[in-house]
Amino acid sequence: MTMPAMQTPPQPAPPQQPLAQGTQRRRIGPLEAVGQAFSLASRNTIKLKKNPDTLVDVTFQPLLMLFMFTFLFSGAIADGDRNGYLQDLVPGLLVFCPLFLTIGTGVALCTDIQKGFFDRLRSLPIARSAPLAGMVIGDVVRYVLSIAIVLGVSTLIGFRIQTNPFEVLLAVALMIVFGLCLCWMSIFAGIMIPTPAAVPGILVCAVMPLSFGSNIFAPAETMPGWLQAWVNLNPVTLMTDVNRELLLGKGDLSSLPGALAWMAGFLVVFFPLTMRAYRRRLGN
Amino acid sequence: MPLAIEAEGLVKRFKDTTALRDVHLAVPAGTVHGVLGPNGAGKTTAVRILATLLTPDAGRARVGGHDLLKDPVTVRRSIGLTGQYAALDEELSALENLALIGRLMKLSSGRARARAKELLGNFGLTDAMERPVKTYSGGMRRRADLAASLVGRPSVLYLDEPTTGLDPHSRNEVWDTVRGLVAQGVTVLLTTQYLEEADQLADRITVFNHGTVVAEGRPDELKRRAGGQTLQVRPTRREHVDTVAQILLGLTGHIPARDEDSGRLTVPLLDPMVMSALVQHLAEAGVAFDELGLRLPTMDETFLAITSPGGRRAPLEETLGGRPA
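Residues numbered from 1 in each chain as written. Chains lettered and ligands numbered in written order. Predicted model: local features only at pLDDT ≥ 70, side-chain atom pairs only at ≥ 80, totals over all residues. Heavy atoms only, no water.

In the annotation of an unreviewed UniProt entry, the entry for chain B reads ABC-type xenobiotic transporter, and the organism field reads Streptomyces cacaoi.

Pasting the structure below:
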């Protein structure tokens, strides 16, 4: 067999360091980045509209809790005062909604990364922040839906808001901000954990002590001292206190600074961790 | 001709492996360049670097004249990416996916939808475009992926194993699409495990193995280097070996090699049509055979041929016949 002339690979050049990122590098303006994030957030709304099973965690789960605790456990916990128990439960359940929904954020992100949709986005000329920001903004729609449904249904079974609309809006806004701060824990998990199916299992380990180790379902005074210590520290308890004041006029806003400190804490811890993991796992 | 893709000395290390060591690529604009190699050769890593998804540990690359590291946004404006790692959102329809990408590429929402419909029409997906992508067959999905990578009218298209897992019909459709794009002046970088695919589509091929470039050249050069097909016949009865050798000599002009133990005759084959003539000749001569096979150069064989001089190993067989009735 005759050997055909074979082109040898080009001669190796002396090894070079990657060029430092220069100043003339083209960037995406902040306004443009916000527009892109909103375009990506629309993905969530499309899914909610056409795929009702994605509504299960938005609607069914909190309603299940509402019914279970109001009708099944209230007799035992509140000594038969079902209506009184419901009034205390709903403000706490509204805190549970965004907290529980943050689990879905991590799962969705992990799925996008695993399926390659995330790489598709990253190969487009869009802001680096847009895919994550879009995801977070899209979640606000889920928080609002979930809060609205729980408020609506609980009103039907006897919950009554005692305050003015301004206070109610403030409560809703605080809960959305609460979700937006806590979701970074979930996003971090979504980036770090390789398979979407494993994400909820791990996040539940954080969400459970936060939601059940609080004063949402039972008064802290009924618990042993060591548990009370945690419950009184728990951001979900603090948020529930704030909600009870804003929706029922019961108590005061003394828990608000603590709640805000927790939210800031979640951001300060998980946002940089997420950014680091984002760059590492995704190669930039 | 200007170079659409030029990479020098790319190195990428992962935790305990070096995925790429000192890789060079030069792809002239408007051509198809095949990157051929087995799993784990570094093909996908190279594509991900050139698509700005990974940062190389060393080396530099320019796409469309723009430095990947200095100006990634401009590079992303001119590239399209399809393959194992760039998929669509399966919950959304193809139309919604493409329209979303259009919006992200700064089209108005009306124009994004129009562009999506036009592209999906070109790919024969008009009827399915409102269905969620998860209901698509493998071939449809790949076409939708390809369509998605074309929304921004890229001048450089990366196809990462575009036909892996597709049936032959869908594969041919993808090939036709690639040819159509090249006719429009798009530069294509295609990774594949299949010599045949690279042969069908590529103007030049770079062969990767263990993260390095082991050969580079035109497809016909590589194929000759790897060795062509060979024909193998083993008559049922030993006394027919001479007769068969005569027939093979007559048909191919080569004196067949004999394996004395098994009585198997082997001869290089350039024209696959000889197979049918051979079957006919054997039947006319009354020769029954236990084995009649056409051997294709496999990737293994290609690599052996390319990496170790003169080293050809017995390839896998594609047995085409058996004992005549």
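Back to the text.
Engineer: Would you explain the overall build of chain B in this entry?
Structural biologist: Looking only at helices and strands, chain B has 11 helices and 15 strands in total. Among the 325 residues that make up chain B, the fraction classed as buried is 55%. Put simply, 66% of the contacts in chain B that link residues at least 6 apart link residues at least 24 apart. In the form shown here, chain B has an accessible surface area of approximately 13800 Å², with 50% of it arising from carbon and sulfur atoms. (Helix = DSSP H or I, 4+ residues; strand = E, 2+ residues; numbered from the N terminus. Buried < 20%, exposed > 50% of the residue type's maximum accessible area, 1.4 Å probe, protein only. Contact = heavy atoms within 4.5 Å. Areas by Shrake-Rupley, 256 points an atom, 1.4 Å probe, with all protein chains shown as cover.)

Engineer: How should the pattern of salt bridges be read in this particular structure?
Structural biologist: Once their charged atoms are close, side chains differing in charge can pair, the charge on each being opposite to the other. On inspection of all chains with the given rule, the structure shows 24 salt bridges over all chains. Arg43 of chain A is the salt-bridge partner of Asp89 of chain B, the closest N and O atoms lying 2.3 Å from each other. In this pair, Asp89 of chain B sits in the loop between β6 (79–83) and α3 (94–104) while Arg43 of chain A sits in helix α1 (residues 30–50), so the two residues belong to two different chains. Accessibility expressed as a relative area gives 4% for Asp89 of chain B, which makes it buried. Judged by relative accessible area, which is 6%, Arg43 of chain A ranks as buried. Because the salt bridges share partners, they merge into one network encompassing Arg43, Lys47 and Asp112 of chain A together with Asp89 of chain B. (Salt bridge = Lys/Arg side-chain N within 4 Å of Asp/Glu carboxyl O.)

Engineer: Quick question: what am I supposed to make of unusual backbone geometry here?
Structural biologist: Residues apart from glycine generally show negative phi values, whereas peptide bonds are mostly found in trans. All names here are of chain B. Phi is positive for Thr52, close to 65°, though the residue is something other than glycine. Residue placement: Thr52 occurs in the loop between α1 (43–50) and β4 (58–63). Looking at Thr52, the relative accessible area reads 5%, which means it is buried. Unlike most non-glycine residues, Arg153 shows phi in positive territory, near 45°. You can see Arg153 is positioned in the loop between α5 (138–149) and β7 (156–160).

Engineer: Looking at this model, I keep getting lost on the packing of helix α2 (residues 56–77) of chain A against helix α3 (residues 82–115) of chain A. Mind explaining?
Structural biologist: Working note: a packed helix pair is described by the angle between its axes plus the distance between those axes. Residue and element names in this part refer to chain A. At a closest axis distance of 10 Å, the pairing of α2 and α3 adopts a crossing angle of 150°. Between α2 and α3, the crossing angle belongs to the class labelled roughly antiparallel. At the point where α2 passes α3, the crossing takes the right-handed sense. Each of Asp57, Val58, Gln61, Pro62, Met65, Leu66, Phe69, Thr70, Phe71, Ser74 and Ile77 in α2 lies in contact with α3, whose residues at this interface are Arg82, Tyr85, Leu86, Leu89, Val90, Leu93, Phe96, Cys97, Phe100 and Leu101. The residue makeup of the contact of α2 with α3, split by class, is 16 nonpolar, three polar and two charged. (Axes fitted to C-alpha atoms, helices over the stretch in contact; angles between N-to-C directions. Parallel < 35°, antiparallel > 145°, perpendicular 65-115°, else oblique. Left-handed = near helix turned anticlockwise from the far one by under 90°. Nonpolar A, V, L, I, M, F, W, Y, C, P; charged D, E, K, R; others polar.)

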